[in-house]
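Breakdown of the fold
Read off the chains here:
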Amino acid sequence: MTFPGAAPTDATATRVLMIDDDRKMCRLVSDYLSPLGFAVTAVHDGPSGVERAVDAAAAWDVVLLDVMLPGLDGFEVLKRIRRHSEVPVLMLTARGDEMDRIVGLEVGADDYVPKTFSSRELLARLRAVLRRSAAREAAAAEAAGAGESATIEELVVRELRLIPEARRALLAERELELTPVEFDLLWSLVRAKGRVRSREALLDEVRERHYDVFDRSIDVHISALRKKLGDDARAPRYIRTLRSAGYMMIDPATEPDNAAGQAHKG
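Notes on the structure in this doc start here. (Residues numbered from 1 in each chain as written. Predicted model: local features only at pLDDT ≥ 70, side-chain atom pairs only at ≥ 80, totals over all residues. Heavy atoms only, no water.)

What follows covers the sheet that holds strand β12 (residues 246-249). Here 3 strands make up an open sheet; going across it, the order is β10-β12-β11 and the pairing antiparallel. Pairing within the sheet leaves two strands with one partner each, and these edge strands are β10 (196-197) and β11 (239-242). The sheet contact formed by β10 and β12 spans 2 bridges and is antiparallel. By the bridge assignment for β12, Arg-197 is matched with Tyr-247. Lying over the sheet, helix α6 (residues 180-191) contacts β10, β11 and β12, oriented at roughly 70 degrees with respect to β12. (Pairing = 2+ DSSP bridges. Helix = DSSP H or I, 4+ residues; strand = E, 2+ residues; numbered from the N terminus. Contact = heavy atoms within 4.5 Å. Axes fitted to C-alpha atoms, helices over the stretch in contact; angles between N-to-C directions.)

Considering all chains together, one arrives at 14 salt bridges under this definition. Measuring nitrogen to oxygen at the nearest pair gives 3.1 Å for the salt bridge that ties Arg-161 to Glu-154. When salt bridges that share partners are traced, they join Asp-20, Asp-66 and Lys-115 into one network. (Salt bridge = Lys/Arg side-chain N within 4 Å of Asp/Glu carboxyl O.)

A few words on the sheet that holds strand β9 (residues 174-175). Strand order across the open sheet formed by 4 strands is β6-β7-β8-β9, with antiparallel pairing between neighbours. Pairing within the sheet leaves two strands with one partner each, and these edge strands are β6 (155-157) and β9. Here 4 bridges tie strand β7 (residues 160-163) to strand β8 (residues 168-171), and the two strands are oriented antiparallel to one another. If you follow Arg-161 over to β8, its bridge partner there is Leu-170. The strands that α6 touches are β6, β7 and β8; relative to β7, the one it contacts most, it runs at about 110 degrees.

Below, the structure written as structure tokens:
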């Protein structure tokens, strides 16, 4: 395995940064992945993990991030990584609690695996997040290559503007930092503005994109979206909750601001 301070040297290998204080686990993962075309570098505390993850020269393809770490826990590490990088992050936990999974997804994890995983499951999860990352990059490159003259479909609700080809969301022309799941949920709601989308429908839609999303996490993602939109669930301008029914993007053409918070509570 490679060690802290060393960077993978094989240009064809998939570069994995593993942030985990369980050194034996790091060795086992490295021993398993190395023959399969992965180059694993391990660091064993939160601050070192942040430093290595945001190092542009390292160009990591994916990060394996433990929740329980000395110095900074995995959630704080992930928050700091997301300020600088969209590198795919697969979180690991010894506990596997549903709340841990929800928090991890909310702060920007791409997937979440309990430490009871089998080596084959880990490999499948890694390949899945790498495929999704490659697809996003390809879509962004295609949009950029189309040139400024190309017509790009956009959807607008009040100050919110969505550009799907570039997977961009702007609020009053300020870029919103959304996770892949958050963007897809927002896109689904905006396309159906004025109509209710059930939790089941939203769940099915993001599952079709192969995200590891489960029933209760839909509510968490919607809550995160509201925060980023500056929306108030009690008097919403964007996303309304309809109890026992689901969520709806408010259509300003049929419902002006002064009526937005009436009739339903979020």
